Amino acid sequence: MPDAIVVEGLTKSYGDFVALRDVSFSVEAGTIFGLLGPNGAGKTTAIRILATVLKPSGGRATILGTDVVRQPHLVRFDIGLAGQFAAVDEQLTGRENLRLVGRLAQLRPKLIPARADELLERFGLSDAANKPVKAYSGGMRRRLDIASALVQRPRVLFLDEPTTGLDLQSRGALWEMIRELVRGGTTVLLTTQYLEEADQLADRIAVIDRGRMIANDTPARLKAVFGSTILELDYPDADSASRAAGILDGSQADHLEVDRATLRLRTQDSVQVLGDVLPRLEQAGLRPGQLVVRDPSMDDVFLALTGQPNPDPQSSASPDEDDYPAHEGSTT
Amino acid sequence: MSQPTDTVTAAGSSLVVGVRADERRPRDWLSPVRDTSAIAWRNLIGIRRVPQLMVFTLIQPVIFVLLFTYVFGGAIKGLPPGITYVDYLIPGVFVQTAVFGSIITAVGMATDLKSGIIERFRSLPMSPSAVLVGRSVSDLTRNVFVVILMGIVGFLVGFRYGSGLGKFLLGMLLVLAFGYAMSWIFAMVGIAVKDPETAQAAAFPVLAPLVFASSVFVPVSTMPGWLQAFAEHQPVSLTASAARQLMIGTPAGNDLLWACVWIVGIIAVCAPLAVRLYRRSV
């Protein structure tokens, strides 16, 4: 398949602040590409440039072969953009919002009502179709926002943190919908702060940190870099943790580090490593006070890729902590 | 690209990619007009569903009419001979209504920029200036309704046009044209501040001296000399004086000509500036 999105040396700066620094990647048509990074990493800047909303300071980008700077009006026939902050009209109803987008996308007027109703149905908004959006919950707005991005059946879809603030059920439904779009031939570029999401959805992941791309690979290979599971052993003091690290040096873990009184192991095979590690610690009288087995977080990725802790600890907050209102029913 | 795209998978799925060329309108000279009317339609629905906006722009002028007619009116001096204060006041209140109404343009632009819906508009294959022109058109439409309602209030408190219906309507047209020009100024303000509350707060200190240090409510001849110099020549006074000439027949020299010059001048300067500001406002 040819590349649907090609980005070469893309740069965006605001005065002295460089939001995006020499970023290059390409996205094969009909695949999902994930941009992973903390808040302020430059993900949204990249998406806005590709969606012709923002002009880059340097470099170039093409969507289906058309340059986003030189021919933005042509690019706009082929893209859909759903933002991090639901860009829908508060006063209009859900149906009116979709019809407005249909008109502005230059669809033939007689097709617009059916298209709007079809999307309302698909996104579980039929019952709320005639209510003004200001009466919608956060999750409903998000769904309407994504439906708006699909009105003109875009061949390239940009989703900026599409699931931030959605509950697990809605998130799963959205993931399924994204996969269905891709089966239908859509190319999707999405940003996320959640490693799990990028892993679940994306065929390729680029990791962005402070405007720079620090990795671009398949999820499988990226995971091999930082391990698919993290084991954390808590000790009463840093000294015990260090001694435990000494004992385990050369064990089967991919990576081993001491963070104050915590010993952290990264591994592909947690069962094997646990079976190996625990008896050895027991023998040395260094039984940990607590043992945590977890998936790697953004912090772990950053630590593994940059050797630096995540510059913005906020961004690794779990999705459940986002302060979006109301629990949502499932999408259809 | 806008080339025809065949649907890739089974028809009937709502998530099938690609719009066939015949499902889209071809782009022609009417496209910007259609985009503008779509945006204006959307804005007008918004205004209808936010009654505070209507109240703000309607109740306030009504209060002014009542206040000036019945409370201050008796004390107003220097009126042209043979003119009652109500007749003097109402054309001025039309102007005041149209001028304060332009704040809504600033608030509307700022609200849209802040909410992110402009991002969606920018990513759609529509005419970019339709967002701004559509806003100015919807605010003009709103002004038409407001001015008609103010006219009714005016007639209820005793206003009578002294120079025929045709000239009265011409006067209305002048007031609306001035309000339209002011909308372009405040479109720039809204784009610049990007925040509805700030837009509203920024607009009032600019408009208050223009509206109050003018011939809108009182004849400028009673003001101190230094203020008269300003009050006589500023655009709000010129428009009020020209509207009065058209509606009640008071002589106004070249004020009508100057009012028209201001209107054309403001639009010629501010509309392109606003479009430029808007394009850069990302």
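Conventions and cut-offs
Along each chain, residues carry numbers from 1 onward, in the same order as the chain's sequence is written. Here the convention is simple: chains get letters from A, ligands get numbers from 1, in the order in which they are written. Local features in this predicted model are restricted to residues of pLDDT 70 or higher, and side-chain atom pairs are both shown and tallied only at a pLDDT of 80 or more, whereas totals for entire chains, interfaces and linings draw on every residue. Helix and strand definitions follow DSSP, with helices as H or I runs of at least four residues and strands as E runs of at least two, each counted in order from the N terminus. Contacts here follow a simple rule: the backbone-placed C-beta atoms of the two residues must lie within 7 Å. Here the nonpolar group is Ala, Val, Leu, Ile, Met, Phe, Trp, Tyr, Cys and Pro; Asp, Glu, Lys and Arg are the charged ones; every other residue, Gly included, is treated as polar. When DSSP finds two or more bridges between two strands, those strands count as paired. Buried residues are those with 20 or more other C-beta atoms within 10 Å of their own C-beta, exposed residues have 12 or fewer, and partly exposed residues lie in between; C-beta atoms are placed from the backbone. The directions considered for the arc run from the helix axis to the C-beta atoms. Given the number of residues in a helix, its expected span is that number minus one, multiplied by 1.5 Å. Bear in mind that the domain bounds are from an automatic or database domain assignment. Throughout, an axis means a line fitted to C-alpha atoms (over the contacting stretch in the case of helices), and angles, computed between N-to-C directions, take values from 0 to 180 degrees. By definition in this entry, angles of less than 35 degrees are roughly parallel, angles greater than 145 are roughly antiparallel, angles of 65 to 115 are roughly perpendicular, and the rest are oblique. Each crossing gets its hand from how the near helix is turned against the far one by less than a right angle, where anticlockwise is left-handed and clockwise is right-handed. One number per residue, pLDDT, summarises how confident the predictor is, and it ranges from 0 to 100.

Helix and strand counts for chain B come out as ten helices and zero strands. Dimensions of chain B, computed from the C-alpha atoms along their principal axes, are close to 80 × 35 × 35 Å. Relative to all contacts within chain B whose residues are 6 or more apart in sequence, the contacts with residues 24 or more apart total 79%.

With 35 residues of chain B at the contact, the number on the chain A side is 44 residues. Of all the elements in the fold, those that place two or more residues in the side of chain B that touches chain A are helix H1 (31-49) and helix H4 (117-122) of chain B. At six residues, H1 of chain B tops the list of elements feeding residues into the side of chain B that touches chain A. By residue class, the composition of the side of chain B that touches chain A is 15 nonpolar, ten polar and ten charged.

Moving on, we get to the sheet that holds strand S4 (residues 58-63) of chain A. With antiparallel pairing, the four strands of this open sheet are ordered in space as S2-S1-S4-S5 (chain A). Two strands lie at the open edges of the sheet, namely strand S2 (17-28) and strand S5 (66-67) of chain A, each paired on one side alone.

Okay, helix H4 (residues 112-122) of chain A next. All names here are of chain A. Burial in H4 covers these residues: Arg 115, Ala 116, Leu 119 and Leu 120. Down the axis of H4, the smallest arc covering the buried residues is 135 degrees, so these residues share one side. Buried residues belonging to H4 abut helix H3 (94-104) and helix H5 (138-150). Backbone geometry just downstream of H4 places Gly 124 in the positive-phi region, at approximately 65 degrees.

For the rest of this paragraph, the subject is helix H9 (residues 235-248) of chain B. All names here are of chain B. With 14 residues, H9 should reach 20 Å at 1.5 Å per residue; the first-to-last C-alpha distance of 19 Å fits that figure. Taking burial as the measure, the 14 residues of H9 include 14 buried ones, the bulk of the element. Directly beyond the C-terminal end of H9, a positive phi value near 85 degrees is found at Gly 249.

Annotation of chain A at the domain level lists domain 1 (3-223) and domain 2 (229-294). If you average the C-alpha positions of domain 1 of chain A and of domain 2 of chain A, the two centres end up 41 Å apart.

Take the packing of helix H6 (residues 164-193) of chain B against H9 of chain B next. All names here are of chain B. Between H6 and H9, the shortest axis-to-axis distance is 7 Å and the interhelical angle comes to 165 degrees. For the element pair H6 / H9, the angle class is roughly antiparallel. The handedness of the crossing between H6 and H9 comes out as left-handed. Only Thr 239, Ala 242, Ala 243, Leu 246 and Met 247 of H9 make contact with H6, whose side of the interface consists of Lys 167, Phe 168, Leu 170, Gly 171, Leu 174, Val 175 and Phe 178.

Residue and element names in this part refer to chain A. Counting buried residues along strand S8 (residues 187-192), six of its six residues qualify, which places the element largely inside the surrounding structure. Of the two faces of S8, both are covered, the one formed by Thr 187, Leu 189 and Thr 191 as well as the one formed by Val 188, Leu 190 and Thr 192. Relative to S8, strand S3 (residues 32-36) runs parallel, the two sharing five bridges. Paired with Leu 35 across the bridge in S8 is Thr 191.

Moving on, we come to the environment of Asp 67 of chain A. Residue and element names in this part refer to chain A. Along the polypeptide, Asp 67 turns up in strand S5. Judged by C-beta crowding, with 15 C-beta atoms within 10 Å, Asp 67 ranks as partly exposed. For the pair formed by Asp 67 and Val 6, sequence separation is 61 residues and the distance between their alpha carbons is 9.4 Å. Among all residues touching Asp 67, those that are not within four sequence positions of it are Arg 60 and Thr 62.

Residue and element names in this part refer to chain A. A sheet is described by the order of its strands in space; here four strands give the open sequence S12-S13-S11-S14, paired in antiparallel fashion. Strands at the two margins of the open sheet, each flanked by one partner only, are strand S12 (255-259) and strand S14 (290-294). The mean angle between the axes of side-by-side strands here comes to 15 degrees, regardless of whether they run parallel or antiparallel. Where strand S11 (residues 229-234) lies against S14, five bridges are found, and the strand directions are antiparallel. Each bridged residue has a counterpart across the sheet, and for Glu 232 the counterpart in S14 is Val 292. Against the sheet, helix H9 (residues 238-248) touches S11, S12 and strand S13 (262-267), its axis set at about 165 degrees to S12. Against the sheet, helix H10 (residues 270-283) touches S11, S13 and S14, its axis set at about 25 degrees to S11.

This part covers the confidence of the model for chain B. Residues and elements named next belong to chain B. For chain B, the average pLDDT comes to 87, and 93% of its residues sit at 70 or higher. For the stretch residues 1-12, pLDDT sits under 50, and the model shows 25 contacts to residues farther than four places along the chain or on other chains. Across the interface, the model reports ipTM at 0.85; the global pTM reads 0.82.

We now examine the packing of helix H5 (residues 130-156) of chain B against H6 of chain B. All names here are of chain B. Where H5 meets H6, the closest approach of the two axes is 9 Å, and the angle between their N-to-C directions is 140 degrees. Taken as axis vectors, H5 and H6 run oblique relative to one another. Considering the relative orientation of H5 and H6, their crossing is right-handed. Across from Leu 132, Arg 135, Ser 136, Asp 139, Leu 140, Asn 143, Val 144 and Val 147 in H5, the residues of H6 making contact are Met 172, Val 175, Leu 176, Gly 179, Tyr 180, Ser 183, Trp 184 and Ala 187. When its residues are assigned to classes, the contact of H5 with H6 shows ten nonpolar, four polar and two charged.

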